[in-house]
Amino acid sequence: MSSVTVTLLPGDGIGTEVSSAAKEVLTETGVPIEWEVVEAGEACIEKYGTPLPEHVLESIKRNKVALKGPITTPVGKGFRSVNVTLRQSLGLYANVRPLRTLENVPSRYTNVDMVIVRENTEDLYAGVEHKVGRDAAESIKIITREASERIGRYAFELAKRQGRKKVTIVHKANIMKLSDGLFLESIRHIAESFPEIVCEDKIVDALCMNLVQQPEQFDVLVLPNLYGDIVSDLGAGLIGGLGVAPGANIGEDGAVFEAVHGSAPQIAGKNEANPLAMILSGAEMLEHLGYNDHASQVRKAIDSVLMNRALLTKDLGGNAGTREFAASICKAIQNLS
């Protein structure tokens, strides 16, 4: 196998620990990855005046693929989200979050297996907002046919590639008849090219109720940016939380894979963080790079380790640390070889 260079952004807080754990596991698979480590986040602000220096973007553009740890986003003030800036700067139009219940991970559900496909570049996250006098503010919701058809096509192609049977378009077109109406109309048009895949649509509030009642009825969900962000976290709650939910941001000319949970500074450096989301995101990255068997190896190793509660981190009901949990997954990979 020829080596592949991957940009690694360790991130803030627990990012360094979970990134190190993911590197260790991915190295154990034998895939020849050369890591180009670049810093982004709070530590960069004093040195570069921004949490996302230009050389970070240049590294990802050059390597076409990156693995990113959690990065802190200030609430209500300060710098704009690094995650949003990355997606828009690199044209990473599809946010993909597979959700699968894992054996022995505490959850109210046992049979969730779906993929959330979220449009990543427009909607209210375009950041077009302004004050109206002193006591009001406006945010402008942008929906275009081009971006809607692009994300719709991605969702249907993903469903076809993975052998999935149904795509659900999520919207609020009963109220926002022009913007959400355009999103719905655009993806219905794309669905005509995939007659073998069932296409349905759901109003977003009804979808949330249905997800809580019977999540197994859904296969692939495709949503505008804001709804996608909210429903992604709801979906993570169905399988045990953000600590077990991988994520990917895909564009025409690059991809960034990430743990979608926060940076948890309160436990940083304590060897307590659960690295599972970062490791699972690494498995998604291997698949993206064409190493399907190696990605499957990582997931099988995780499933086997999850059966022994003593090997798990505290949030999963065990007493192991971050490093010990990763070492157990590495050992399981060895046993599969």
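Attention here is on the structure that accompanies the text. Please read these numbers as outputs of a predicted model, since none were measured by experiment.

Reading guide: rules and limits
- Residues numbered from 1 in each chain as written.
- Predicted model: local features only at pLDDT ≥ 70, side-chain atom pairs only at ≥ 80, totals over all residues.
- Heavy atoms only, no water.
- Core = buried A, V, L, I, M, F, W, Y, C linked by side-chain atoms within 4.5 Å.
- Buried < 20%, exposed > 50% of the residue type's maximum accessible area, 1.4 Å probe, protein only.
- Helix = DSSP H or I, 4+ residues; strand = E, 2+ residues; numbered from the N terminus.
- Contact = heavy atoms within 4.5 Å.
- Expected span 1.5 Å × (residues − 1).
- Polar contact = N/O pair within 3.5 Å; in protein donor to acceptor, adjacent residues only side chain to side chain.
- Salt bridge = Lys/Arg side-chain N within 4 Å of Asp/Glu carboxyl O.

Turning to the nonpolar core, a few remarks are in order. The biggest cluster of nonpolar side chains holds 91 residues, and the ones touching the most others in it are Ile33, Leu67, Leu221, Leu276, Met285, Leu306 and Ile329. Examining the composition of this core, we find that 8 residues originate from one element, helix α9 (residues 276-288), more than from any other. Once you skip the residues sitting within four places of it in the chain, Leu276 turns out to touch Leu102, Gly243, Val244, Ile302, Leu306, Leu316 and Phe325. Counting 14 residues, the second-largest nonpolar core is a separate cluster that includes Leu52, Val56, Val82 and Leu86.

Another aspect to go through is helix α5 (residues 145-161). Between the first and last C-alpha of α5 there are 24 Å, a value that for 17 residues agrees with the 24 Å anticipated at 1.5 Å per step. The complete set of buried residues in α5 reads Ala147, Ser148, Glu149, Ile151, Gly152, Tyr154, Ala155, Phe156, Leu158 and Ala159. Backbone geometry just downstream of α5 places Gly163 in the positive-phi region, at approximately 70°.

With respect to the secondary-structure elements, Gln334 resides in helix α11 (residues 322-336). Taking the relative accessible area as the measure of exposure, Gln334 reaches 44% and is therefore partly exposed. Sequence separation between Gln334 and Val256 is 78 residues, and the spatial gap between their C-alpha atoms is 27 Å. Separated by 3.3 Å, the side chains of Gln334 and Glu28 make a polar contact.

With respect to the helices and strands, the residue Arg299 is situated in helix α10 (residues 292-306). In this structure Arg299 comes out as buried when scored by relative accessible area, which is 18%. Looking at Arg299, its side chain comes within polar contact range of the side chain of Glu284, at 2.9 Å.

Tracing the backbone through its elements, the reader meets Lys23 in helix α1 (residues 15-28). Note: C-alpha distance between Lys23 and Ala326 (303 residues apart in sequence) is 9.5 Å. Leave out the neighbours within four places in its chain, and Lys23 touches Leu8 and Trp35.

Moving on, we come to the pattern of salt bridges. Considering all chains together, one arrives at 18 salt bridges under this definition. In this structure, the salt-bridge partner of Arg62 is Glu36, at a minimum N-O distance of 2.5 Å. Residue Arg62 is found in helix α3 (residues 54-63), and its partner Glu36 is found in strand β2 (residues 33-37); the two are separated by 26 residues along the sequence. We classify Arg62 as exposed; its relative accessible area is 51%. Residue Glu200 pairs with Lys166 through a salt bridge whose shortest N-O separation is 3.6 Å. Here the residue Glu200 occupies a position in strand β9 (residues 198-203), and Lys166 occupies one in strand β8 (residues 166-171), the gap between them amounting to 34 residues.

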